[in-house]
Amino acid sequence: MKVLFSRLGALLPGRADLVEMGRAPRRDLLAGLTVAIVALPLALGFGVSSGLGAEAGLATAVVAGAVAAVFGGSNLQVSGPTGAMTVVLVPIVGEYGPTGVLMVGLMAGVMLVALAALKAGRYMRYVPAPVVEGFTLGIACVIGLQQIPNALGVPKPEGDRVLVVSWRAVEEFTRAPNWTALGFAVAVAAVMLAGARWRPAVPFSIVAVIAATVVARVAHLDAAKPIGDLPAGLPVPSLAFLDAGSLGTLLAPAVAVAALAALESLLSASVADGMTVGQQHDPDRELFGQGLANIAAPLFGGVPATGAIARTAVNVRTGAGSRLASLVHAAVLAVIVFAAAPLVSQIPLAALAGVLLATAIRMVEVGSLRAMARATRSDALILVLTAAATLVLDLVYAVVIGLVVAGALALRAVARQVRFDLVPLDRGDHSAEEHALLAEHIVAYRVDGPLFFAAAHRFLLELTEVADVRVVVLRMSRVSTMDATGALILKDSVERLQRRGIVVLASGIRPGQRRVLESVGALELLGGGEYATTPEAIRGARGVLEEAGVLPGGEAR
C-alpha cells in the first residue's frame, strides 16, 4: 500500500507545471478562449446525445476539463464529453438510467487511477494503427447515425441499436416530414465543413449555431425544437447517486468506460505530441488525471469524460503551450453556464445535430484510411473488422476483436519466419572419401527464427520427413525464442525419428532454451545438449557411426 501511495504521489502536479504556465500566458488565454467557443456546441450536443441532457455535457466540460488540465499528463490535452464516450453511454442510460451512468463514471474514474498506479499507460503503444483507424471510423459512423432523429426533427425511437433507431427515425420522418429541422441540420453541417476548408482557424461551429438560433427565434419556427431550460450554474455536488448494491451489475459497463477513456485519452495526447516540437506527455499521469476527472464529474451531474482529439487539435493549432489554455477553456464554459444559460437553452436541437454530423465527417481521415487499406491485406482486414464491430456491437468489443485479430495475424507472420534449412557438412579435416561417407549418413539442419506454438507444427512436419539417414544434427544457435509448445513438438519429432533408428543431436542450445527443453524432458533426447558448436556435434555423430560399424573406428580424424 505504501508503494501504491508513493506512485500516486509521483503523479501529482509540480512546480515545473506552474513555471510552464507562466511562460506565454497571453497566448494560452487566447487559445483557451478559442477552444471554449469550439467546445460549447460539442458539449451541448454530446450531452443531449448521451441521454442525460445538455446540462450534463456542460458540467462535464467544465469540471472534467479543469481537473484533467491540472492533474493530466499532457500540457496540451483538452478533456470533456466526446462522441466515442457517448456511443458507450447510450445503452447504459437505456438499461440503468441516469444515476447508473453517474455511478459508472465514478467507478471508471477509480479504475483509471488504479491503472495509473500500476503504470499501465505505457501499453498504449501496443495498440496497432489499423485498430485505431477502424475504431475511429466506426465511432464516426455511430455518431452520425445517432444524430438522425434530431436532424430529422422526430422523437427518438425506442431501441439501443443505432442502426435500428436510425432506420425507425427515417420511417417516422417519411410519414410526417419536418423540413425545417432537416434544413437547420444540413445548413449548420455545410457551413462547418465549408468553413473549415476556407478559414480553418475560424470557429464556424459557434457561428452556425448562433445563426440558426437567431433565425429560429426571429421567424418563430416551432418546428425547430430548442434544447430546453438549462440550470443557471453547476449543480451542487452530490453523492445521492451512490448505490453500493449496484456495484456488481455496473462493473462491466464501468470497465468498458474506463477502457475507452484510457484509449481515447492516450491516443489524443499522442496526437498532440505529434503536432508539436518538444512536447511529450506522461501516459501514467494522463490516466491519473482522467481518473480524477471522472471521479469529479459525476458529483456535478456530468457524464464520463476523455481527452478530446478535435478540441486538443484546436488547442495546439491556436498556439497553446501549457495547461493554462485548457484551464481557461473550462473557466470560459463555466462563465457561459452561469451567465448565458437562458440564451443557450434556445439553441435548436437540429443545429446541434448538424454540428455533430459535421464533426463525424471530419473525424474520417480518408488519406489515412486509404494508406492503411493499401498497406497489407492484414491491415485492411483489421481496419474493416474493427469498424464493423464498432458499428454493430460496441466500442470495447470492437477494440478487443481488433486486437485479437491483429495479434493472430502478427503471430502468423512471425511463425512464417521460422526456417528449417538443410546445410552441407563442413569438410573439416576429413578426407574426400570419408566426407562423402559422412554425407550419406548425417544431415544437418539449421533452425532459424522462433520455435513457438504458432510455428511448431510446421517444424514437426518438416523434421519427421527426413530421409533415411543415421544421424540428424540440429543447429539451434539461431533459434530466437522457444516456448513449451515448441519444446514439446521438438521432443515428439525426436522420438519419432528415434523410432526409425535415427539419432538426433543438437548444437548451440542457449541457456533459456535449455531450461524449456529440460522442463519437458526433451534435452536428454538431444544427446544432453552438450555440443556447444556444430563441428563438435558432427564429431559426436561420427562417433555414433563408428559404434554402428558404418565407419571404421581407427579412421583418421
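Computed from a prediction, not measured in an experiment: that's the story for all the values here.

A. Region of the structure containing the overall build of the protein chain. When its secondary structure is counted, the protein chain shows 24 helices and seven strands. Put simply, 82% of the contacts in the protein chain that link residues at least 6 apart link residues at least 24 apart. By element, 63% of the accessible surface of the protein chain is carried by carbon and sulfur atoms, the whole surface being about 25,200 Å².

B. Focus on the pairing of strand 5 (residues 471-475). For strand 5, the buried fraction is high: four of the five residues fall into the buried class. As judged from the five bridges shared by strand 4 (residues 442-451) and strand 5, these two strands associate in the parallel manner. Paired with R446 across the strands is R475, a residue of strand 5. Across five bridges, strand 5 lies against strand 7 (residues 503-507) in parallel orientation. Note that in strand 7 the partner of R475 across the bridge is S507.

C. Seen up close, empty space enclosed by the protein. In total, this model carries two cavities of 30 Å³ or more according to the counting rule given. Contributing to the lining of the second largest cavity are G45, V48, S49, Q147, N150, L349, L352, A353 and L356. Of all the elements in the fold, those that place two or more residues in the lining of the second largest cavity are helix 3 (25-50) and helix 16 (349-363). In terms of residue count, helix 16 provides more of the lining of the second largest cavity than any other element does, four residues in total. In terms of residue class, the lining of the second largest cavity is built from five nonpolar, four polar and no charged.

D. Broad picture of the packing of helix 5 (residues 83-117) against helix 12 (residues 283-296). Where helix 5 contacts helix 12, the axes come no closer than 7 Å and their chain directions differ by 160°. By the criterion of interaxial angle, the relationship of helix 5 to helix 12 is roughly antiparallel. Seen along the crossing, helix 5 lies across helix 12 with a hand that is left-handed. Contacts from G105, L106, G109, V110, L112, V113, L115 and A116 in helix 5 reach D284, L287, F288, Q290, G291, L292, N294 and I295 in helix 12.

E. Molecular detail of helix 8 (residues 162-175). With 14 residues, helix 8 should cover 20 Å at 1.5 Å per step; its first-to-last C-alpha distance of 20 Å lies within 8% of that length. All of the buried residues along helix 8 are V162, V165, S166, A169 and F173. Projection of helix 8 onto a plane perpendicular to its axis shows the buried side chains occupying an angular sector of 100°, all on one side. Opposite the buried face of helix 8, at more than 90 degrees from it, the exposed residues are W167, T174 and R175. Elements that come into contact with the buried residues of helix 8 comprise helix 6 (129-146), helix 7 (148-152), helix 9 (179-198) and helix 18 (377-392).

F. A look at the pattern of salt bridges. This structure, assessed with the given rule, holds five salt bridges. Across the pair R175 and E172 runs a salt bridge, and its minimum N-O distance is 2.9 Å. Here the residue R175 and the residue E172 both occupy positions in helix 8, the gap between them amounting to three residues, near one helical turn. Taking the relative accessible area as the measure of exposure, R175 reaches 60% and is therefore exposed. For the salt bridge of D448 with R478, the shortest nitrogen-to-oxygen distance reads 3.8 Å. Taken together, the residues D448 in strand 4 and R478 in the loop between strand 5 and strand 6 (479-482) connect sequence positions 30 residues apart.

G. Structural detail: a nonpolar patch on the surface. Judged by side-chain polarity, L163, V392, L393 and Y397 come together as a nonpolar surface patch covering roughly 390 Å² of accessible area. Its place among the elements puts V392 in helix 18. Under the relative-accessibility criterion, V392 is labelled partly exposed at 46%.

H. Inspection of the packing of helix 3 against helix 16 at higher detail. Contact geometry of helix 3 with helix 16 gives a least axis separation of 9 Å together with a crossing angle of 100°. Here helix 3 is positioned roughly perpendicular relative to helix 16, judged by the angle of their axes. Residues P41, L42, L44, G45, F46, V48 and S49 of helix 3 pack against L349, L352, V355, L356 and T359 of helix 16. Residue composition of the contact of helix 3 with helix 16, grouped by class: nine nonpolar, three polar and no charged.

I. Main features of the environment of M21. Along the chain, M21 falls in helix 2 (residues 15-21). The class for M21 is buried, based on a relative accessible area of 17%. When the C-alpha positions of M21 and G321 are compared, they lie 7.8 Å apart, and in sequence the two are 300 residues distant. Those residues in contact with M21, other than ones at most four positions away along the chain, are D28, S322, R323, L324 and L327.

J. Representation of the packing of aromatic side chains in the model. For the structure on display, the rule yields three aromatic pairs. Judged by centre distance (6.4 Å) and plane angle (80°), the rings of F71 and F288 are edge-to-face. With a gap of 217 residues between them, F71 in helix 4 (residues 54-71) and F288 in helix 12 connect regions that are remote in the sequence. Classification of F288 as buried rests on a relative accessible area of 6%. Ring centres 6.2 Å apart and planes at 45° place the aromatic pair W198 and F204 in the tilted group. W198 gets classed as exposed once you look at its relative accessible area, which sits at 57%. Relative accessible area serves as the criterion here: at 14%, F204 is assigned to the buried category.

K. Quick look at the nonpolar core. The biggest cluster of nonpolar side chains holds 88 residues, and the ones touching the most others in it are L44, V257, L333 and I347. Broken down by element, the residue count for this core peaks at 17 residues, all from helix 5. When neighbours within four sequence positions are excluded, I347 is seen to be in contact with L44, V209, T213, K225, P226, I227 and L352. Core analysis: the next-biggest nonpolar cluster, separate from the first, contains 29 residues, L463, V466, L497 and L517 among them.

L. Spatial organisation of the environment of D421. Topologically, D421 is positioned in strand 3 (residues 419-423). Accessibility expressed as a relative area gives 18% for D421, which makes it buried. When the C-alpha atoms of D421 and R475 are compared, they prove to be 9.8 Å apart, with 54 residues separating the residues in sequence. With residues near it in sequence (within four places) discarded, D421 still touches A444, Y445, R446 and D448.

M. Main features of the side chain of Q279. Secondary-structure assignment places Q279 in the loop between helix 11 (247-274) and helix 12. A distance of 3.2 Å separates a polar atom in the side chain of Q279 from a polar atom in the side chain of N75. Aside from chain neighbours lying at most four places away, what touches Q279 is E20, N75, L76, D273 and G321.

Criteria and cut-off values
Residues numbered from 1 in each chain as written. Predicted model: local features only at pLDDT ≥ 70, side-chain atom pairs only at ≥ 80, totals over all residues. Heavy atoms only, no water. Helix = DSSP H or I, 4+ residues; strand = E, 2+ residues; numbered from the N terminus. Contact = heavy atoms within 4.5 Å. Areas by Shrake-Rupley, 256 points an atom, 1.4 Å probe, with all protein chains shown as cover. Buried < 20%, exposed > 50% of the residue type's maximum accessible area, 1.4 Å probe, protein only. Pairing = 2+ DSSP bridges. 1 Å grid on protein atoms, 1.4 Å probe; cavity = no way out; pocket = protein on both sides within 12 Å on 5 of 7 lines; lining within 4 Å. Points joined across faces, edges and corners; volume = space filled by probe spheres on them. Nonpolar A, V, L, I, M, F, W, Y, C, P; charged D, E, K, R; others polar. Axes fitted to C-alpha atoms, helices over the stretch in contact; angles between N-to-C directions. Parallel < 35°, antiparallel > 145°, perpendicular 65-115°, else oblique. Left-handed = near helix turned anticlockwise from the far one by under 90°. Expected span 1.5 Å × (residues − 1). Arc of directions from axis to C-beta. Salt bridge = Lys/Arg side-chain N within 4 Å of Asp/Glu carboxyl O. Patch = residues over 30% accessible without salt bridge, like charges linked within 9 Å, V, L, I, M, F, W, Y side chains within 5 Å. Phe/Tyr/Trp six-rings, centres within 6.5 Å; stacked < 30°, edge-to-face > 60°. Core = buried A, V, L, I, M, F, W, Y, C linked by side-chain atoms within 4.5 Å. Polar contact = N/O pair within 3.5 Å; in protein donor to acceptor, adjacent residues only side chain to side chain.

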